[in-house]
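Coordinate analysis (summary)
Given next are the chains, with one letter for each unit.
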Amino acid sequence: MNELDALVDSARQGFEQAATPADLENAKAVFLGKSGRITELMKGLASLSIDEKKARGAVINQAKQAIEAALNARRQALADAELDAQLKAEALDVTLAGRQAGQGGLHPVSLTLERIEGIFGSMGFDVAQGPEIESDWFNFTALNTPEDHPARSMHDTFYVEGGTATAPNLLRTHTSPMQIRHAVQHVNAHRALLDAGETMPEIRVIAPGRTYRVDSDATHSPMFHQCEGLWIGANVSFKDLKVVFTDFCRTFFESDDLVLRFRPSFFPFTEPSAEIDIQFQSGPLAGRWLEVAGSGQVHPNVVRNMGLDPEKYIGFAFGMGPDRLTMLRYGVNDLRLFFDGDIRFLSQFQ
Ligand code: PHE
């Protein structure tokens, strides 16, 4: 291999080893720079004769062109590699499926609550909301529940620190405190009428919401839902409760083929009291009595705590379990599924 071929070869190697454009410019200077190898060879031509100059010059020029070609090839290769790396780093795969915004939906128990509100709304009931951290007074005392009633024990009720008997001190164990809260508000709003000895408009309200008890198994959750109902007026009877609740159940379950049973029971705040059971005449639950609510005529002591005269005002209350109604409506057998937050379960109700 002659001297010039060797030079072209070493230039090729030098360029090949350059890993960056800056390295490549340094390598270029060694061969093509002002004091580079080619320039040195050109200077050497000065001492030659005309003919020798021509021949030698042509050969050096060929070598120079070969080196320049190698340089340009390497420049291109480095630029391509840089672009490749950039494309990889900023890769956007337009063939991938888009990440869709998930379609949200209401929780099955919320669907039930909306249904309950809709049905009672159509029967002229208002909807009221109350606090989940209650006072002993609203949750128990005002509802005629004696000091030693077992429901008040620590085994049944979650107490919160820092409360007193009249300041919030427990998580409400039922929505019944809303009977008192709503009635007192209603009575105050119609104070002038009452003071004038006139009859106030009827109280007709439902109060859905979360309630809490120290209880946990397949059919009991420490947090569960209730929906209270209250209808107080000058002339409201147990018959009205039967009509309203029967109507509600048949509309809720979209079935006239449904029988109700008012089974005598006891609650401190109603007298007489009844558990309400329903029975489907057809379908998978046919023939079984299913308990859906507690109810009764509001106790005179409770009417008094509402600020009303029990000789003039009477009515009924009920408390039902929307969780239970949801289980019956959809055929769900474990209450805990509602509160596990498993999207595969919840999305079935959309
Ligand atoms: N509060 C009662 C319970 O939680 C239900 C009820 C409400 C009963 C209203 C009678 C009247 O079991």
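Everything quoted here is computed from the prediction, not taken from an experiment.

1. Thoughts on the site of the ligand
Around the ligand there are 14 residues in total, and H174, S176, R213, Q226 and G319 lie nearest to it. Residue H174 places a side-chain N or O atom 2.9 Å away from a nitrogen atom belonging to the ligand. The separation between an oxygen atom of the ligand and a polar side-chain atom of R213 is 2.8 Å. Relative to its free-state accessible area of 320 Å², the ligand is covered by the protein chains to the extent of 90%. When residues of the shell around the ligand are assigned to their parent elements, the largest contribution, three residues, is made by strand β9 (residues 314-320). Along the lines of polarity and charge, the residues of the shell around the ligand split into four nonpolar, eight polar and two charged.

2. Side note on the side chain of Q226
Of note, Q226 is situated in strand β5 (residues 223-233). Note on Q226: relative accessible area 12%, which makes it buried. Separated by 2.9 Å, the side chain of Q226 and the backbone nitrogen of T175 make a polar contact. Setting aside residues up to four positions removed in sequence, Q226 forms contacts with H174, T175, A207, P208, G209, T211, R213, M320 and P322.

3. What to know about the nonpolar core
Among the nonpolar cores identified, the biggest contains 41 residues, and I116, F120, F245, F248, I278 and M320 are the most heavily contacted of them. For this core, the element with the most residues is helix α9 (residues 238-252), which contributes six residues. Setting aside anything within four residues of it in sequence, one finds I116 in contact with I206, C227, F248, F252, M320, P322 and L325. One finds L143, M200, I203 and A317 within the second-largest nonpolar core, a separate group that totals 22 residues.

4. Overview of the sheet that holds strand β7 (residues 270-280)
Ordered in space as β1-β4-β5-β9-β8-β7-β6, the seven strands form an open sheet in which the pairing is mixed. Strands at the two margins of the open sheet, each flanked by one partner only, are β1 (126-127) and β6 (258-267). As paired elements, β7 and strand β8 (residues 290-298) share seven bridges and run antiparallel to each other. Counterpart to T270 in the pairing with β8 is V298. Seen against the sheet, α9 touches β5, β6, β7, β8 and β9 and runs at an angle of roughly 130° to β6.

5. Overview of the packing of helix α3 (residues 37-44) against helix α4 (residues 50-89)
The description of two packed helices rests on the angle between their axes and on the distance between the axes. As a packed pair, α3 and α4 sit with axes 10 Å apart at the nearest point and diverge in direction by 170°. One way to sum up the angle between α3 and α4 is to call them roughly antiparallel. The segment α3 lies against α4, with I38, L41 and M42 engaging R56, I60, N61, A63, K64 and I67. A breakdown of the residues in the contact of α3 with α4 according to their chemical character gives six nonpolar, one polar and two charged.

6. Things to note about the state of the cysteines
Overall, the coordinates contain zero disulfides when judged by the stated rule. No disulfide involves C227; its nearest neighbouring cysteine sulfur is the one of C249, lying 12 Å away. Accessibility expressed as a relative area gives 1% for C249, which makes it buried.

7. Quick look at the domain arrangement of the protein
When the domains of the protein are assigned, the result is domain 1 (3-89) and domain 2 (108-349). For domain 1 and domain 2, the distance between their C-alpha centroids amounts to 93 Å.

8. As for the pattern of salt bridges
What the rule picks out here adds up to 16 salt bridges. Between D277 and R261 there is a salt bridge whose closest N-O contact spans 2.8 Å. Taken together, the residues D277 in strand β7 and R261 in strand β6 connect sequence positions 16 residues apart. A relative accessible area of 2% places D277 in the buried class. A residue is classified by how much of its surface remains accessible, and R261, at 32% relative accessible area, is partly exposed. Here D342 makes a salt bridge to R344, at a shortest N to O gap of 2.7 Å. Accessibility expressed as a relative area gives 27% for D342, which makes it partly exposed. Using a relative accessible area of 64% as the deciding quantity, one classes R344 as exposed. Here the residues in one salt-bridge network are R261, R263, D277 and E291, joined through shared partners.

Conventions we followed
Residues take numbers from 1 onward in each chain, read along the sequence in its written order. The predicted origin of the model limits local features to residues at a pLDDT of at least 70 and limits the giving and counting of side-chain atom pairs to 80 or more, whereas totals for whole chains, interfaces and linings rest on all residues. Derived side-chain values reflect all non-hydrogen atoms in the structure, with water molecules and hydrogen atoms excluded from consideration. Nearness of a residue to a molecule or strand requires only that one of the residue's heavy atoms be within 4 Å of it. Under this definition, polar contacts are N or O atom pairs within 3.5 Å; protein pairs additionally need one hydrogen-donor-capable and one acceptor-capable atom, and for neighbouring residues in sequence, both atoms have to be side-chain atoms. Per-residue accessibility takes into account occlusion by the displayed protein chains alone, with areas from the Shrake-Rupley method and a 1.4 Å probe. Runs of E in the DSSP output that reach at least two residues are strands. Runs of H or I that reach at least four are helices, and both are numbered from the N terminus. Under the convention adopted here, Pro, Cys and the residues Ala, Val, Leu, Ile, Met, Phe, Trp and Tyr are nonpolar, Asp, Glu, Lys and Arg are charged, and Gly plus all remaining residues are polar. A simple rule labels every residue: compare its accessible area, found with a 1.4 Å probe on the protein chains alone, to the largest value its type can have, and call it buried under 20%, exposed over 50%, or partly exposed in between. Should any heavy atoms of two residues lie within 4.5 Å, those residues are counted as being in contact. Only buried residues count toward a nonpolar core, which is a set of Ala, Val, Leu, Ile, Met, Phe, Trp, Tyr and Cys residues joined through side-chain atoms within 4.5 Å. Pairs of strands are assigned from DSSP output, requiring at least two bridges between the strands. Axis definition: a line fitted to C-alpha atoms, over the contacting stretch in the case of helices. Angles run 0 to 180 degrees between N-to-C directions. The labels follow the angle: roughly parallel below 35 degrees, roughly antiparallel above 145, roughly perpendicular from 65 to 115, and oblique for the rest. Disulfides are defined as pairs of cysteine sulfur atoms found within 2.5 Å of each other. The split into domains, and so the bounds of each, comes from an automatic or database assignment of domains. One speaks of a salt bridge when a side-chain nitrogen belonging to Lys or Arg is within 4 Å of a carboxyl oxygen belonging to Asp or Glu.

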